[in-house]
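# Close look at the chain arrangement
For reference, the chains in residue letters:
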Amino acid sequence: MESQLREDRSVVDLLSADYTFLNERLARHYGIPDVRGSRYRRVTLSDERRQGLLGHGSILSVTAYPTRTSPVLRGKWVLENLLGTPPPLPPPNVPALEETTDGRALSMREAMEQHRANPVCASCHTRMDPLGFALENFNAIGKWRTTDGTSAIDASGVLPDGTTFAGPDEFRRALLMRRDEFIRTFTEKLLTYALGRAVQYYDMPAVRTITRNAGPDNYRWSSLIMGIVKSRPFQMRKAQEAN
């Protein structure tokens, strides 16, 4: 984040940045060679699968359980924080996820398919699960893997508009094709931080103005921040504080 701010990069780089900051221990975790010592330094990523926020172990870990991945948590995180379309709250008495059948351990995809067979569960999971499965090659702490137990991982999916993808790199490219949704969501989050409250429906004209004015400057941090500072919701907040 400090690098993004200091270099005044486009916020779209949060999804696509081809670099990160590593020390030896974290580089080993990511399977990146030739990084020595405890000092963090900027490292260019040759593996497209690690690019942007979705390749970071921090986000992959916080959207998983301690012992296994969760396509539901990861899909929900993408919907809420990248696309701005959070799913509804789950209905009461949702059955637990079955992890075995006939004595055989299920892969995560098999378990979720069984879970979605319940119509009560299917309504939400059809939106979340494909997005989460795109990241299934990353285990619960973000290390790369190709199998889930004895089953080969299938990280393919389909977005609601019919766009297909296979794996995190194609999924990231699909999200970048929807960068307007990401920029709007990011601007709402940034405005929430600036206002110290949730963005309401009456703030949305300001959000649209901020993103529209930042477009010619490729949505750089400085343009979005300046747009927020000049926005009516922010200036009204400052005026209320002064009173």
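Residues numbered from 1 in each chain as written. Predicted model: local features only at pLDDT ≥ 70, side-chain atom pairs only at ≥ 80, totals over all residues. Heavy atoms only, no water.

With respect to the helices and strands, T20 occurs in strand 1 (residues 19–22). Engagement of the side chain of T20 in a polar contact is seen with the side chain of H56, the distance being 3.5 Å. Among all residues touching T20, those that are not within four sequence positions of it are R41, R42, V43, L45 and H56. (Helix = DSSP H or I, 4+ residues; strand = E, 2+ residues; numbered from the N terminus. Polar contact = N/O pair within 3.5 Å; in protein donor to acceptor, adjacent residues only side chain to side chain. Contact = heavy atoms within 4.5 Å.)

On to a nonpolar patch on the surface. A grouping of L5, I225, M226 and V229 is seen on the molecular surface, where their side chains present a nonpolar patch of about 320 Å² in accessible area. Per-element tally for the nonpolar patch: the top contributor is helix 11 (residues 221–230), with 3 residues. Residue position: I225 is located in helix 11. (Patch = residues over 30% accessible without salt bridge, like charges linked within 9 Å, V, L, I, M, F, W, Y side chains within 5 Å. Areas by Shrake-Rupley, 256 points an atom, 1.4 Å probe, with all protein chains shown as cover. Salt bridge = Lys/Arg side-chain N within 4 Å of Asp/Glu carboxyl O.)

As a further point, take the pattern of salt bridges. Within the structure shown, the criterion is met by 13 salt bridges. Between R6 and E2 there is a salt bridge whose closest N-O contact spans 2.8 Å. Residue R6 and its partner E2 are located together in helix 1 (residues 2–6), separated by 4 residues, close to a single helical turn. With respect to class, R6 is no different from E2; both count as exposed. For R184, the salt bridge identified is with E188, shortest N-O distance 3.2 Å. Placement of both R184 and E188 in helix 9 (residues 179–195) is noted, with a separation of 4 residues, approximately one turn of the helix. Each member of the salt-bridge network shares a partner with another, and the members are E7, R9, D13 and R42. (Buried < 20%, exposed > 50% of the residue type's maximum accessible area, 1.4 Å probe, protein only.)

Where helix 9 contacts helix 10 (residues 204–214), the two axes come as close as 10 Å, and the packing angle between them is 115°. The crossing of helix 9 and helix 10 is right-handed. Taking contact as the criterion, the partners of I183, R184, T187, E188 and L191 in helix 9 are, on helix 10, M204, V207, I210 and T211. Along the lines of polarity and charge, the residues of the contact of helix 9 with helix 10 split into 5 nonpolar, 2 polar and 2 charged. (Axes fitted to C-alpha atoms, helices over the stretch in contact; angles between N-to-C directions. Left-handed = near helix turned anticlockwise from the far one by under 90°. Nonpolar A, V, L, I, M, F, W, Y, C, P; charged D, E, K, R; others polar.)

Moving on, we get to the nonpolar core. Counting 40 residues, the largest nonpolar core has L54, V78, L82, F171, L175 and F186 as its most contacted members. Where this core is concerned, the elements lending two or more residues are helix 2 (13–16), helix 4 (57–62), helix 5 (71–81), helix 7 (119–133), helix 8 (168–176), helix 9, helix 10 and helix 11. Among the elements that take part in this core, helix 9 stands out by supplying 7 residues, more than any other. Contact partners of V78, with chain neighbours within four places excluded, come to L54, L83, L131, F171 and L175. Counting 5 residues, the second largest nonpolar core, distinct from the first, contains L22, A27, Y30 and V43. (Core = buried A, V, L, I, M, F, W, Y, C linked by side-chain atoms within 4.5 Å.)

Before going further, it helps to spend a moment on unusual backbone geometry. In this structure, D34 takes a positive phi of about 65° despite not being glycine. Looking at where D34 falls in the secondary structure, it is placed in the loop between helix 3 (24–30) and strand 2 (41–44). Residue classification places D34 among the exposed residues on the basis of a relative accessible area of 66%. Look at Y219: it is not a glycine, yet its phi comes out positive at around 55°. Examined against the element boundaries, Y219 turns out to sit in the loop between helix 10 and helix 11. Note on Y219: relative accessible area 13%, which makes it buried.

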